[in-house]
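Each chain, letter by letter, is given below.
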Amino acid sequence: MLNIRIEKTANPKPIPGPENPLTFGTIFTDHMFIMDYEEGKGWIDPRIVPYGPLELMPSAMVFHYGQEMFEGLKAYKADDGRVLLFRPDCNIKRANDTNERICIPTIPEEDFMQALNEIVKIDQAWIPTKPGTSLYIRPFIIATDPFLGVRPSNTYKFIIILSPVGAYYPEGLNPVKIWIEDEYVRAVRGGLGEAKAGANYVASLKAQVKAHDAGYSQVLWLDGVERKYIEEVGAMNIFFKINGTVVTPMLNGSILPGVTRRSCIELCKQWGYPVEERRISAEELLKAALDGSLEEVWGSGTAAVISPVGHLREGDTVVQIKDGGIGELSQKLYDTITGIQLGRIEGPKGWVVEVK
Ligand SMILES: *Cc1c(COP(=O)(O)O)cnc(C)c1O
């Protein structure tokens, strides 16, 4: 059990009301959780303090070599007022897998859970309730040693900040256009692809700008070695429904193991769909799109939950998926997962955890 010191803000900010259109990640709540790590002492001084700037040395290692990890999950307000987290145990396990990969000391799972619970509880009035809105939770860890040599840091800060976020698609589910990237790669096996680290995002910016400039909202990455096999979208995993079978790239070391991905697989299996986690090439995908066997494409991730894809482009080939609209299974997954998150639908055991 952490002994969390609580310092409440003397100047609470106005909480945006339901008339306020929320965007993603621009507003932050009144408080944040912080815990420090020191070699020999472990994780120390857990505290909840007013949200505000950090003081770090310009030589802090995170600024130079990017030793940083993050997580992302959401809290929801159920109709009966309960505050619910969606599969936080999966995020906590993945956080420690990331920590292992980038030489950050792990955090005991129960301490992580307690930190999430306490910070969300303190700022729970900030959880918006309009359909599609939620409180986004961003835990992250930075390396803070004031040192310019290259090695793992001996000191860290673990921080959790909270942001009320709006519906990803304010008009409901909206199909996106994705760009299959054949020049840049995001990750390679043996690299950081399966870790949730900021470094992966730096590697992705150039292609994202390129795709945006061409009118595409997301990049679909190919494998970094052969540049043939599909990996994932910007911050989402990817699914295809081909001839009634649900296909998603298998976790191969360079793909982020999404909690939403896992939830989609588990639900589709429960509903009786054949699900294949395997290698799938861009060539196979385009062929299926052209011969009509590609029935649906969707991305899965915490931010948008399910993001139907209406349109794909690789090089000079542009294909529309069916009528470019929202597939039936995509819609069913979206409705079911968001229903479970809001406590309206009974999900598999342990998927929602109440903040108390
Ligand atoms: C976070 C993330 C995802 C989605 O994971 P969820 O746990 O479903 O939110 C997919 N790809 C990348 C690169 C990510 O960082």
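Predicted model, so just to flag it, every value in this text is computed and none were measured.

Peer 1: In this structure, what is going on with the pattern of salt bridges? I would like to understand it.
Peer 2: Where side chains of opposite charge bring their charged atoms close, a pairing between them can arise. A complete count under the given rule lists 21 salt bridges for this structure. Between Asp-80 and Arg-82 there is a salt bridge, and its shortest N-O distance comes to 3.0 Å. Take Asp-80: its relative accessible area is 54%, and that puts it in the exposed class. Judged by relative accessible area, Arg-82 falls into the partly exposed class, the value being 29%.

Peer 1: Would you mind going over the domain arrangement of the protein chain with me for this structure?
Peer 2: Often, the extent of an interface is quoted as the loss of accessible area upon association of its parts. Here the domain parsing of the protein chain yields domain 1 (5–165) and domain 2 (176–341). A C-alpha centroid distance of 27 Å is found between domain 1 and domain 2. The partner domain 2 presents 20 residues to the 19 residues of domain 1 that form the contact. Taking both partners together, domain 1 and domain 2 bury about 1700 Å²; carbon and sulfur atoms supply 59% of that area. At the junction of domain 1 and domain 2, the tally comes to 11 residue pairs in polar contact (both at pLDDT 80 or more). Of all the secondary-structure elements, those providing two or more residues to the side of domain 1 that touches domain 2 are β4 (68–70), β5 (73–77), β6 (83–86) and α2 (88–101). Across the side of domain 1 that touches domain 2, the residue classes break down as 10 nonpolar, 3 polar and 6 charged.

Peer 1: How should I be thinking about the site of the ligand in this particular structure?
Peer 2: Neighbouring residues of the ligand: 15 residues in total, closest Lys-196, Tyr-201, Glu-232, Thr-260 and Thr-302. The contact in question runs from an oxygen atom of the ligand to an N or O atom on the side chain of Lys-196, over 2.7 Å. Thr-260 places a side-chain nitrogen or oxygen 2.6 Å from an oxygen atom of the ligand. Against a free-state accessible area of 380 Å², the protein chains account for coverage of 96% of the ligand.

Peer 1: Looking at this structure, how should I read the environment of Glu-296?
Peer 2: Secondary-structure assignment places Glu-296 in strand β15 (residues 294–301). Taking relative accessible area as the criterion, Glu-296 reaches 5% and is therefore assigned buried. Sequence separation of Glu-296 and Gly-324 is 28 residues, and the distance between their C-alpha atoms is 9.3 Å. Not counting residues within four places of it along the chain, the set of residues in contact with Glu-296 comprises Phe-239, Phe-240, Lys-241, Ile-321, Gly-327, Glu-328, Leu-329 and Ser-330. Among the polar contacts made by the side chain of Glu-296, one reaches the main-chain amide nitrogen of Leu-329 at a distance of 2.8 Å.

Peer 1: Hey, could you run me through the packing of α2 against helix α3 (residues 109–122) in this one?
Peer 2: Between two packed helices, the angle of one axis relative to the other and the distance separating the axes together describe the packing. Two elements in contact, α2 and α3, have axes separated by 10 Å at closest approach and are oriented at 125 degrees. Overall, the two elements α2 and α3 adopt an arrangement that is oblique. α2 and α3 meet at a crossing whose hand is right-handed. Residue-level contacts link Pro-88, Ile-92, Lys-93, Ala-95 and Asn-96 of α2 to Glu-109, Phe-112, Met-113 and Leu-116 of α3. Here the contact of α2 with α3 is composed, by residue class, of 6 nonpolar, 1 polar and 2 charged.

Peer 1: Looking at this structure, I do not really get the pairing of strand β12 (residues 237–242). What am I missing?
Peer 2: It is a general feature of regular strands that their side chains alternate between the two faces of the sheet. Burial of β12 is extensive: 6 of the 6 residues sit out of reach of the surface. Going residue by residue along β12, you find Asn-237, Phe-239 and Lys-241 tucked away on one face and Ile-238, Phe-240 and Ile-242 tucked away on the opposite face as well. Examined bridge by bridge, β12 and β15 share 6 bridges and lie antiparallel to one another. Considered in β15, the bridge of Lys-241 is made with Glu-296.

Cut-offs and rules
- Numbering of residues starts from 1 in every chain and runs along the sequence as written.
- Predicted model: local features are reported for residues with pLDDT of at least 70 only, side-chain atom pairs are reported and counted for 80 or more only, and whole-chain, interface and lining totals are derived from all residues.
- For side-chain calculations, the full set of non-hydrogen atoms in the structure is used, while hydrogens and water are omitted.
- By definition, a salt bridge exists where a carboxyl oxygen of Asp or Glu is found within 4 Å of a side-chain nitrogen of Lys or Arg.
- Categorising residues by exposure relies on relative accessible area from a 1.4 Å probe, with only protein chains included: less than 20% of the type maximum marks a residue as buried, more than 50% marks it as exposed, and the intermediate range marks it as partly exposed.
- Segment limits for the domains were obtained from an automatic or database-derived domain assignment.
- By definition in these notes, contact holds between two residues if any of their heavy atoms fall within 4.5 Å.
- Using a 1.4 Å probe, buried area is obtained as the accessible area two parts lose upon being combined, added over both of them.
- Here a polar contact means two N or O atoms within 3.5 Å. Within protein one must be a hydrogen donor candidate and the other an acceptor candidate, and residues neighboring in sequence count only if both atoms are side-chain atoms.
- Helix and strand assignments follow DSSP, with helices taken as H or I runs no shorter than four residues and strands as E runs no shorter than two, numbered in order from the N terminus.
- Residues are grouped as follows: nonpolar covers Ala, Val, Leu, Ile, Met, Phe, Trp, Tyr, Cys and Pro; charged covers Asp, Glu, Lys and Arg; every other residue, Gly included, is treated as polar.
- Here, proximity means that at least one heavy atom of the residue falls within 4 Å of the molecule or strand.
- For the area figures, the Shrake-Rupley method with a 1.4 Å probe applies, and any residue is considered shielded solely by the protein chains shown.
- Axis geometry follows a simple rule: fit a line to the C-alpha atoms, using only the stretch in contact for helices, then measure angles between N-to-C directions, giving values from 0 to 180 degrees.
- These descriptions rest on fixed angle ranges, namely under 35 degrees for roughly parallel, over 145 for roughly antiparallel, 65 to 115 for roughly perpendicular, and the rest for oblique.
- For any pair of crossing helices, the crossing counts as left-handed if the nearer helix is rotated counterclockwise from the farther one by less than a right angle, and right-handed if it is rotated clockwise.
- Here, strands pair whenever DSSP counts at least two bridges between them.

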